[in-house]
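# Working through the structure, step by step
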There are 4 protein chains.
Amino acid sequence: MAKIAPKDKRQTILDATLTLLASSGFHGFSMKQLAAESGVAVGTIYLYFADRDALIADLHRLIVDDFAARVFKDLNDNLPIKQQFLTLSRNTWDFCMENRNATLSKGQFDHLPLDVLKTRHNDAWKNSLNPLITFYDKGRQANVLKPLPDDVLASLIFEPVIHIATQTQLGLLDINESELNQIIAATWDAVAVSGQE
Amino acid sequence: MAKIAPKDKRQTILDATLTLLASSGFHGFSMKQLAAESGVAVGTIYLYFADRDALIADLHRLIVDDFAARVFKDLNDNLPIKQQFLTLSRNTWDFCMENRNATLSKGQFDHLPLDVLKTRHNDAWKNSLNPLITFYDKGRQANVLKPLPDDVLASLIFEPVIHIATQTQLGLLDINESELNQIIAATWDAVAVSGQE
Amino acid sequence: MAKIAPKDKRQTILDATLTLLASSGFHGFSMKQLAAESGVAVGTIYLYFADRDALIADLHRLIVDDFAARVFKDLNDNLPIKQQFLTLSRNTWDFCMENRNATLSKGQFDHLPLDVLKTRHNDAWKNSLNPLITFYDKGRQANVLKPLPDDVLASLIFEPVIHIATQTQLGLLDINESELNQIIAATWDAVAVSGQE
Amino acid sequence: MAKIAPKDKRQTILDATLTLLASSGFHGFSMKQLAAESGVAVGTIYLYFADRDALIADLHRLIVDDFAARVFKDLNDNLPIKQQFLTLSRNTWDFCMENRNATLSKGQFDHLPLDVLKTRHNDAWKNSLNPLITFYDKGRQANVLKPLPDDVLASLIFEPVIHIATQTQLGLLDINESELNQIIAATWDAVAVSGQE
DNA sequence: AATGAATGAGGATTCATTCAT
DNA sequence: GATGAATGAATCCTCATTCAT
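A few points on the structure. (Residues numbered from 1 in each chain as written. Chains lettered and ligands numbered in written order. Predicted model: local features only at pLDDT ≥ 70, side-chain atom pairs only at ≥ 80, totals over all residues. Heavy atoms only, no water.)

## Quick word on helix α5 (residues 81–98) of chain A
The end-to-end C-alpha separation of α5(A) is 25 Å, in line with the 26 Å expected for 18 residues at 1.5 Å each. Considering only its buried residues, α5(A) is in contact with α4 (52–71), α6 (100–109), α8 (130–141), α9 (150–170) and α10 (177–191) of chain A. (Helix = DSSP H or I, 4+ residues; strand = E, 2+ residues; numbered from the N terminus. Expected span 1.5 Å × (residues − 1). Contact = heavy atoms within 4.5 Å.)

## Focus on the interface of chain C and chain D
On the chain D side, the residues contacting the 38 residues of chain C number 34 residues. A buried area of about 3,200 Å², summed over both sides, lies between chain C and chain D, and 64% of it is on carbon and sulfur atoms. The tally of links from chain C across to chain D stands at two salt bridges. Between Lys146(C) and Asp189(D) there is a salt bridge, with its nearest N and O atoms 2.4 Å apart. Counting residues per element, the side of chain C that touches chain D draws most heavily on helix α9 (residues 150–170) of chain C, which supplies ten residues. (Buried area = accessible area lost by both parts, 1.4 Å probe. Salt bridge = Lys/Arg side-chain N within 4 Å of Asp/Glu carboxyl O.)

## Digging into the pattern of salt bridges
Residues and elements named next belong to chain A. What the rule picks out here adds up to 34 salt bridges over all chains. The shortest N-O distance in the salt bridge between Asp 94 and Arg 70 comes to 3.7 Å. You can see Asp 94 sitting in helix α5 and its partner Arg 70 sitting in helix α4, a full 24 residues away along the chain. For Glu 159, the salt bridge is made with Lys 106, and the minimal N-O distance between the two is 3.9 Å. Placement of Glu 159 in helix α9 and of Lys 106 in helix α6 is noted, with a sequence separation of 53 residues between them. Glu 159 gets classed as buried once you look at its relative accessible area, which sits at 10%. By relative accessible area, which is 29% here, Lys 106 ends up partly exposed. Ionic contacts of the salt-bridge type, sharing partners, join the residues Arg 10, Asp 58 and Arg 61 into one network. (Buried < 20%, exposed > 50% of the residue type's maximum accessible area, 1.4 Å probe, protein only.)

## Regarding the protein's contact with DNA strand F
Around DNA strand F, the surrounding shell holds 30 residues, and the nearest of these are Tyr46(A), Thr44(B), Thr44(C), Tyr48(C) and Met31(D). Ala41(C) has a polar backbone atom sitting 3.1 Å from a phosphate oxygen of DNA strand F. With respect to DNA strand F, the backbone of Arg52(D) contributes an N or O atom lying 2.9 Å from a phosphate oxygen. Taken together, the elements giving at least two residues each to the surface near DNA strand F come down to α3 (42–48) of chain A, α3 (42–48) of chain B, α3 (42–48) of chain C together with α3 (42–48) of chain D. The element that contributes the greatest number of residues to the surface near DNA strand F is α3(B), accounting for five residues. Looking at the surface near DNA strand F, its residues break down into 17 nonpolar, six polar and seven charged. (Near = heavy atom within 4 Å. Polar contact = N/O pair within 3.5 Å; in protein donor to acceptor, adjacent residues only side chain to side chain. Nonpolar A, V, L, I, M, F, W, Y, C, P; charged D, E, K, R; others polar.)

## Quick look at the interface of chain A and chain B
Much of the literature gives interface size as the accessible area that the parts lose upon coming together. Across the boundary between the two partners, chain A contributes 37 residues, which contact 34 residues of chain B. Between chain A and chain B, a total of about 3,200 Å² is buried, with carbon and sulfur atoms accounting for 64% of that surface. Secondary structure elements with two or more residues in the side of chain A that touches chain B: α1 (6–24), α6, α7 (114–126), α9 and α10 of chain A. Counting residues per element, the side of chain A that touches chain B draws most heavily on α9(A), at ten residues. Its residues assigned to classes, the side of chain A that touches chain B shows 19 nonpolar, twelve polar and six charged.

## Some details on the relation of the copies chain A and chain B
Least-squares fitting of chain A to chain B yields an RMSD of 0.4 Å, with the superposition described by an axial translation of 0.3 Å and a rotation of 179°. These values place the two chain copies in the arrangement generated by a two-fold rotation axis. Taking C-alpha positions as the reference, the residue of chain A nearest the rotation axis is Ala190(A), at 2.1 Å. (Least-squares fit on C-alpha atoms with pLDDT ≥ 70 in both.)

## Some points on the packing of helix α8 (residues 130–141) of chain B against helix α9 (residues 150–170) of chain B
Residues and elements named next belong to chain B. Interaxial distance between α8 and α9 falls to 11 Å at its minimum, and their mutual angle equals 95°. Relative to α9, the element α8 is oriented roughly perpendicular. Note on element contacts: α9 touches α8 through Asp 150, Leu 153, Ala 154, Ile 157 and Phe 158, opposite Leu 132, Ile 133, Tyr 136 and Arg 140. (Axes fitted to C-alpha atoms, helices over the stretch in contact; angles between N-to-C directions. Parallel < 35°, antiparallel > 145°, perpendicular 65-115°, else oblique.)

## Things to note about the packing of aromatic side chains
Here the structure, examined in full by the defined rule, presents 18 aromatic pairs over all chains. When the ring of Phe67(B) is compared with that of Phe95(B), the centres are 5.2 Å apart and the planes differ by 80°; the resulting orientation is edge-to-face. Separated by 28 residues along the polypeptide, Phe67(B) in helix α4 (residues 52–71) and Phe95(B) in helix α5 (residues 81–98) bring together distant segments of the chain. Ring centres 5.6 Å apart and planes at 55° place the aromatic pair Phe135(C) and Tyr136(C) in the tilted group. Comparing Phe135(C) with Tyr136(C), the two get one shared label, buried. Within the aromatic cluster, the residues linked to one another by ring pairs are Phe67(A), Phe95(A) and Phe158(A). (Phe/Tyr/Trp six-rings, centres within 6.5 Å; stacked < 30°, edge-to-face > 60°.)

## Points about the protein's contact with DNA strand E
Lining the immediate surroundings of DNA strand E are 30 residues, of which Thr44(A), Tyr48(A), Met31(B), Thr44(D) and Tyr48(D) lie closest. Here a phosphate oxygen of DNA strand E and a side-chain polar atom of Lys9(A) are 2.8 Å apart. A distance of 2.8 Å separates a phosphate oxygen of DNA strand E from a polar atom in the side chain of Tyr46(C). Here the surface near DNA strand E takes five residues from α3(D), the largest share from any one element.

## Some points on unusual backbone geometry
Outside of glycine, negative phi angles account for most residues, and trans bonds account for most peptide bonds. Although it is not a glycine, Asn143(C) adopts a positive phi angle of roughly 60°. Positionally, Asn143(C) belongs in the loop between α8 (130–141) and α9.

Below is the structure:
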């Protein structure tokens, strides 16, 4: 077997975790199973992660960061808000399509203990999701986006797209290019101040 | 202690299950704990439910039905589409506020096996959510709702509201009456054909 | 298999623990092995003891109490100090002979964490070993026992007998009645004020 | 870091083992921890010791030898038995005071398999403890020591002192010079033929 | 000689489920 | 119907030992 550099082995384990979470959720996820999926011994996992919770937490952070990186890709904050919005939405959709496991695992992370959730939420907005704050601010000040709180704008923009992407990944739905454009247009209507051309 | 009628005992157990799921998720949920919370013996639970999975499945069905019942409450399909929409959205919000446990547990049910999920999805649309189909059909035919698939309309209408309600229940967000109206108005903008008064 | 009353089952497990500790010490003592030795399932042990440590602690308390009960058997504190001494020493020896497992396990308990040890030590003197305090006090006041601290008198009286009994139980030594009397006489010489008839 | 000569490295590991055993017992003793305490890599330990058991066994032998060396220090077998006795007892006490780790670890070694114990016992008397045999023989023949077996005399002389020293090291007891002399005098009374000046 | 990443059997503990009362 | 003691497979995690570098 080819040698794996430590960094890669850590990543291999994280990838395997995501694969398992996506296919069966936390239910039916065991360290033994993870070891098998990762192609390493159980003990090896503990060389890279303090314990099960640390592993999950690390994975979560990684996904949020990956998501943020992908969502803000090619974002030019000199372009008009609508232009930026289209990039953000399209990137969101693309991330979900390109990262089936991460997309399907999203719900699994929603039910960590309450205090952990709060911390994560704040962390995310302060760090990886920070550019969104600027985007929302500019949009509201230019009277292009409705005067709603950041969290609300985020929900209106991302939740429908992510939910539809998830259903698509599950095979419950099939969306073509034209429909996708309509969906994104619809979420724009949700957050945009009406009466604009 | 007062005798409990069998039907009530079954319900008592389901209620206790929801309470436990909402407060600690599947993690830290055990049949023993459930017995304690329900005030019955462990063995008794098995008189009313085949096994743990059956219990969870029953609870899920129950919640979906409750949700549907609440969402369609006071819905008059003779009223204009927008009027109906407002009722549906407001009911959705109210259900989330009145059923904290059910709202917070939503994510817990998302990772059943894929085939089960598909069956549930189809069941839901054919039964409890069936009135929505009529609503969407009418709306599209009247050229009031955008010509998008049912699932997509559902995502655009319900996901943002439910997500915002969940955040509110978690204490991450605080929404007042005026903001709620704006949010609902925004989701209407998302699905409504534009250019209407 | 005959039914075992709960009280007896608890005792069965404690007995089995002692047997295992005596034969192999803490090294090679596992809950699985204990279950086998006790004739119960692993989980059953946890119905009677919170965890491994609680089991060990309970056993220790039990042994100390048994030891005390046996040592003070037939002790008449109206009799002369020497008479009482002889009873105590003989009882100590008899306890060791009658409780091979407890005797051989003694050393195992000596290396619990330091704070636990201190607590145990104080507890023992305040409770089960309390009659010894009276015995020592009387003896010193009557100028029959040397004016040494309680702990020191205890060491001089009990350690040699217990150590010799342990060696005997291990088969490293063989002591007959006459030798035993000489040993006890020797420990009397150690603690008695000399010059008495 | 300064190079360490092989012999020294072996000793370093043994010292570290003793330190760890004394502070936490076998519980919480691991080869990894030992490596850290010794300042070497885990694998290095296996260059000097076949395995964990061999390491422990070696350490045990080393302690017994150290103990013997210390106990017989300055022993002049031309001096009167009592004089020699005083030296032996005082040396024993001093060893315990100077070797806290060894003293506290004593109990840890008691539960090796029975046959190993017998072999060790015989070995000790034939080798490192050999001078005691002469001492006892002379004492008994001179009618100064009571006619008791070697093991019994050893128990009467050493067990109380070692036990009291251990308690002192644990902080359960505090012994001053005067008390120590009384204790040693008491053990002399235990083994000496009475009626001597 | 020395390292420490990797291994996997074995440890303590939990928990869904059964069944005799 | 109702109970809860008993079960033992399955869980997470540890740690003595090996071996390629």
